[in-house]
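Below, each chain spelled out in residue letters.
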Amino acid sequence: MAWQLHYTSARRGPTGRAGFQFVAETPGLPDGVRAGVTPYLSYRPPPDAPLSPDESELGGFPVSLLYDRVDGRPLLLRCRYLGRDYSGRYGNFFAHAVVAEPDELEGLRPAELWHAPHWTHDPAPESVLDRLDDLTPGSALDPEALAAWLAAASGPGDPYALLGHLVDAVADVLGRGHGRVVLVSDDVELIARWIAVVSYSLPVAAAARLSFVTYTADPDGAAQRLVGTTPAIWAAAQHHASHASAFDLRDGAPAGTASRFARTVAGCWRDSDFGGLDALGELAPLNDPAQEGAAALLALCRGDATVTPAEEAAAAELMSRHGSAIPEWVWRDLVPGVPSMGLDLALAVHERARAAGASEVARQCSLRVTDRALDALAKAPSLAAVVAAARVAERAGVPLDPAEVTASAARCTQAGAADLGKALTGCPTALRDALLDGVISGLSDLGERERAAALTPGNCDLLSEHAERLRAAPAVACAVLASIGRRAPERRVTITGELLRLDGPGVDAALREVWETPPSAGECADLLDAHGKAVAERPALAGLPSRTFTRLAFPGGERLAEPAALRLAERVRELMPDGRSVRDAALVEAYGKAITAGPARAARALEDIAAADGATSQLAGEAFVGAARRLARRAPAFRAELLAELSESARARLGAQWTAELPARARAGRAPLRGAEIEQRNELVEVVLRLKAGGRAEPALEAWARAAAGRWLAAKQLESRLARSPRLRAALRDLLAEDDPARGGR
């Protein structure tokens, strides 16, 4: 039901007072309704209207029909200018208000009530008004009449273009929840028609939220969303109404293009397609973010191939958001539009149609997705785009030919592979090998410089996890494995095994890069244990033991006696048949014997070191120096016996090395010497004396000993040392006696 109220200026109203007041109302008016209606009760004539109109002129004053809500109830308020009041003063108006229950307007647009039969022309003579059981719309603004009016419109411009802009403007203010759209015309009937057309263009629920007024003298202060006014009023108000979107109905449509949704609405009016308007409202209410998608979807249902990619994206979003709420007729009508769909929309429709049991459109979309996915693969600019197409096909349950994925990935890789990690992670499992094959193929086709740029450390790490597939592209495999081995020394033995399984000219270069830093003795032995004779067969590996031994030999061969070095030497002798590494291994073993064996065996080992037959010269030199230094720590008797076992050349070299190891003053025979220096000198002199007593000689060493023992103090110290060995004291005297002529008889 609905309640009525009449408001005007009266000499004496129901309350007994004079002036503007409610003069009649329906009994039982709910609490608060009268107070809620009061703020809306006003009317000012247009500024260019007659100031003192007579009865014939009053009909030209615009009638104001307002629609809004009061405490949740619909309010319809019709105001008409009456001219004089009871006292003869101008400014009186009559307001007829109808306040309805919330569901009373269900199925109605408020604009339909413009010429409703319940409106009265003048205030009722009695103070009691009837209750309205039904709100019956007038016939002048029904959809068919409005469509005919639009088709016959003779005003400026295209009325459908104007409608499109109006719909966009109204949708905007409804979406924002503030602002207003102003319609400017001297013809309030024209304004009412446009308000009605816009209302019918909206779903019923949206039209119920569209407050409006057909005429106001204060468009800047009006609280409604759609406001009518006259040109004279707007000319004065527009300077401070920048927040409003105004349409002067005398000028036609503004410049620019309306949205797809608004153009679709206008097209429905052009064709009197009221079912299309209902369909739009069913798909997405006005100011719903998916309204553009609703219009695009309707266009596709009707075979419109002009839908843009952005509009398709909106339609896909609509599908994703509304899912099973999509009306059944959409699935049927969409079938003809599938061939023009883009990939994302076809996929969205496929997924939702399959869930809804719409098998035919789902099948058509599956074919479309296949076609578009293949097209996307062929045109993909990057690996990410290849993976995106593959993922779309997977979502649609469409099997892609792995060869297509491989070809596309190969082409993209030649332009760069910065996104390889994300591509491998995001690629469907069933197509990951195909993608990887394409990447490797693309890298193979690149020039060496371009390949090196593409094979970043990160990409190499990723590709190294697929060694079996890399073997089909030796150039790529070599570069990848070399990068890993260079950056991860702990993996060099394993990486070498992968490289040895490859064929191609780049293998040795990659091996040299991996082993640019010589291995430790343990690592080199592990290499031999893992790969055996293959090490000897590769030039880049065959010299590794020699490099390791040489590095261990400096300085002075100290580390050549370590267990790891000796184990490596043993493995080299076992596994490598010939070559410098074998000879160097023999030299290392000789070093071990020289510093640990008895005099005879040590002598033979030293002879081998000194000969250095085919061994690395730096290694041999440091090994001899190191062995001499270690042997110099042995007892004089051992050292003398060792010298006796050596050949003359080896004996001379060892003697020279021992002499060179002495402190400078002891080596030069100068005095005085410190305690440790005295001991070193005396021990070496004793070695010379024992060698001499045994019937062997080393001239250079004897000459040094003679000079070192020839001073009085040195001789006394030596005699004291040799006090218990008459044989050595005699040898000392003989040594010194040999120098008497040189000392002039001393």
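Heads up: these notes are all about the structure in this document. Since this is a predicted model, take the numbers as computed values, not measurements.

1. Description of the overall build of the protein chain
When helices and strands are tallied, the protein chain shows 39 helices and nine strands. Against the 2.2 N^0.38 benchmark of 27 Å for 746 residues, the protein chain shows a C-alpha radius of gyration of 54 Å, more extended than a compact globule. Dimensions along the principal axes, computed over C-alpha positions, put the protein chain at roughly 170 × 60 × 45 Å. The long-range share in the protein chain, meaning contacts at least 24 apart out of those at least 6 apart in sequence, stands at 66%. When the accessible surface of the protein chain is split by element, carbon and sulfur atoms take 50% of a total near 33100 Å². The centroid of the 84 positive side-chain charges in the protein chain is displaced by 17 Å from the centroid of its 96 negative side-chain charges.

2. Points about the pairing of strand β3 (residues 64-70)
Summarising burial for β3: six of the seven residues are buried, a large majority. Note: β3 against strand β7 (residues 212-213), two bridges, orientation antiparallel. Residue Leu66 lies in a different strand from β7, and its bridge partner there is Val213.

3. Quick word on the side chain of Thr8
Positionally, Thr8 belongs in strand β1 (residues 2-10). With relative accessibility at 4%, the residue Thr8 sits in the buried group. Side-chain polar atoms of Thr8 contact the side chain of Asn92, separated by 3.1 Å. Only 2.9 Å separates the side chain of Thr8 from the backbone oxygen of Phe93, close enough to count as a polar contact. Those residues in contact with Thr8 that lie beyond four places of it in its chain are Gly19, Phe20, Gln21, Val23, Leu82, Asn92, Phe93, Phe94 and Pro123.

4. A short note on the packing of aromatic side chains
Across all of its chains, the model carries 12 aromatic pairs by this definition. Geometrically, the ring pair formed by Tyr7 and Phe93 is tilted, given 6.1 Å between the ring centres and 40° between the ring planes. Pair noted here: Tyr7 is in strand β1 and Phe93 is in strand β5 (residues 90-100), with a separation of 86 residues, a long-range link. Here Tyr7 matches Phe93 in class, with each residue buried. Centre to centre, the rings of Tyr43 and Tyr215 are 5.4 Å apart; their planes meet at 45°, and the pair counts as tilted. In this pair, Tyr43 sits in the loop between α1 (33-37) and α2 (55-58) while Tyr215 sits in the loop between β7 and β8 (226-229), placing the two residues 172 residues apart along the sequence. In this pair, the class of Tyr43 matches that of Tyr215, namely buried. Pairwise contacts between aromatic rings join Tyr7, Phe20, Phe22, Tyr43, Phe61, Tyr81, Phe93 and Tyr215 into one cluster. Its guanidinium or amino end placed over the ring of Phe638, Arg634 lies 3.8 Å from that ring's centre, counting from NZ or CZ.

5. Topic: helix α38 (residues 712-721)
Ala714, Ala715 and Leu718 are the residues of α38 that are buried. Down the axis of α38, the buried set is contained in an arc of 100°. They therefore lie on one face. In α38, the exposed residues that point more than 90 degrees away from the buried face are Trp712 and Ser720.

6. Observations regarding the state of the cysteines
According to the stated counting rule, one finds zero disulfides in the structure shown. With no disulfide partner, Cys460 has as its closest neighbouring cysteine sulfur the one in Cys478, 12 Å distant. The class of Cys460 is buried, set by a relative accessible area of 1%.

7. A short note on unusual backbone geometry
With an omega of -10°, the peptide bond running from Phe554 to Pro555 counts as cis. As for its placement among the helices and strands, Pro555 is situated in the loop between α28 (544-553) and α29 (563-575). With phi around 50°, Ser272 is a residue other than glycine that occupies positive phi space. Its place among the elements puts Ser272 in the loop between α8 (260-270) and α9 (274-283). By relative accessible area, Ser272 is classed as partly exposed at 41%.

8. Some words on the pattern of salt bridges
Tallied over the full model, the rule gives 35 salt bridges. Across the salt bridge formed by Arg260 and Glu311, the nearest N and O atoms sit 3.1 Å from each other. Taken together, the residues Arg260 in helix α8 and Glu311 in helix α11 (residues 309-322) connect sequence positions 51 residues apart. For the pair shown, Arg260 and Glu311 are each scored as buried. Notably, a salt bridge pairs Asp433 with Arg469, separated by 3.6 Å at the nearest N-O pair. With Asp433 in helix α18 (residues 429-444) and Arg469 in helix α21 (residues 467-470), the pair connects residues that are 36 residues apart, well separated along the chain. Through salt bridges that share partners, Arg260, Arg263, Asp304 and Glu311 make up one connected network.

9. Describing the environment of Gly107
With respect to the element layout, Gly107 can be found in the loop between β5 and α3 (143-151). Spatially, the C-alpha atoms of Gly107 and Val204 are 6.6 Å apart, while their sequence positions differ by 97 residues. Not counting residues up to four positions away in its chain, the partners in contact with Gly107 are Glu112 and Val204.

10. Considerations on the pairing of β1
Across the nine residues that make up β1, a large majority, nine, are buried. Burial along β1 is two-sided: the face carrying Ala2, Gln4, His6, Thr8 and Ala10 and the face carrying Trp3, Leu5, Tyr7 and Ser9 are both buried. Sheet analysis places β1 next to β5, joined by six bridges and oriented antiparallel. Opposite His6, over in β5, you have His96 as the bridge partner. As paired strands, β1 and strand β2 (residues 19-25) are joined by six bridges and run antiparallel to one another.

11. A few points about the environment of Ala10
Here Ala10 shows up in strand β1. With a relative accessible area of 15%, Ala10 lands in the buried category. If we skip the residues at most four places from it in the chain, Ala10 touches Arg17, Ala18, Gly19, Gln21, Val23 and Tyr86.

12. Quick word on the environment of Gly60
Along the chain, Gly60 falls in the loop between α2 and β3. Look at Gly60 and you get exposed, because its relative accessible area is 63%. In the structure, Gly60 is positioned 11 residues away from Ala49 in sequence and 8.5 Å away in space, judged by C-alpha atoms.

13. Quick word on the packing of helix α33 (residues 636-645) against helix α36 (residues 675-693)
For the pair α33 and α36, interaxial distance at closest approach is 8 Å and the crossing angle is 50°. Classified by the angle between their axes, α33 and α36 sit oblique to one another. Crossing angle aside, the handedness with which α33 passes α36 is right-handed. Contacts between α33 and α36 pair Pro636, Ala637, Arg639, Ala640, Leu643 and Ala644 from the former with Glu683, Leu684, Glu686, Val687, Arg690 and Leu691 from the latter. Partitioning the contact of α33 with α36 into residue classes produces eight nonpolar, no polar and four charged.

What counts as what
- Residues numbered from 1 in each chain as written.
- Predicted model: local features only at pLDDT ≥ 70, side-chain atom pairs only at ≥ 80, totals over all residues.
- Heavy atoms only, no water.
- Helix = DSSP H or I, 4+ residues; strand = E, 2+ residues; numbered from the N terminus.
- Rg over C-alpha atoms; globule rule 2.2 N^0.38 Å.
- Contact = heavy atoms within 4.5 Å.
- Areas by Shrake-Rupley, 256 points an atom, 1.4 Å probe, with all protein chains shown as cover.
- Lys, Arg positive; Asp, Glu negative; His and termini not counted.
- Charge placed at Lys NZ, Arg CZ, Asp CG, Glu CD.
- Buried < 20%, exposed > 50% of the residue type's maximum accessible area, 1.4 Å probe, protein only.
- Pairing = 2+ DSSP bridges.
- Polar contact = N/O pair within 3.5 Å; in protein donor to acceptor, adjacent residues only side chain to side chain.
- Phe/Tyr/Trp six-rings, centres within 6.5 Å; stacked < 30°, edge-to-face > 60°.
- Lys NZ or Arg CZ within 6 Å of the ring centre and 35° of its normal.
- Arc of directions from axis to C-beta.
- Disulfide = S-S within 2.5 Å.
- Salt bridge = Lys/Arg side-chain N within 4 Å of Asp/Glu carboxyl O.
- Axes fitted to C-alpha atoms, helices over the stretch in contact; angles between N-to-C directions.
- Parallel < 35°, antiparallel > 145°, perpendicular 65-115°, else oblique.
- Left-handed = near helix turned anticlockwise from the far one by under 90°.
- Nonpolar A, V, L, I, M, F, W, Y, C, P; charged D, E, K, R; others polar.

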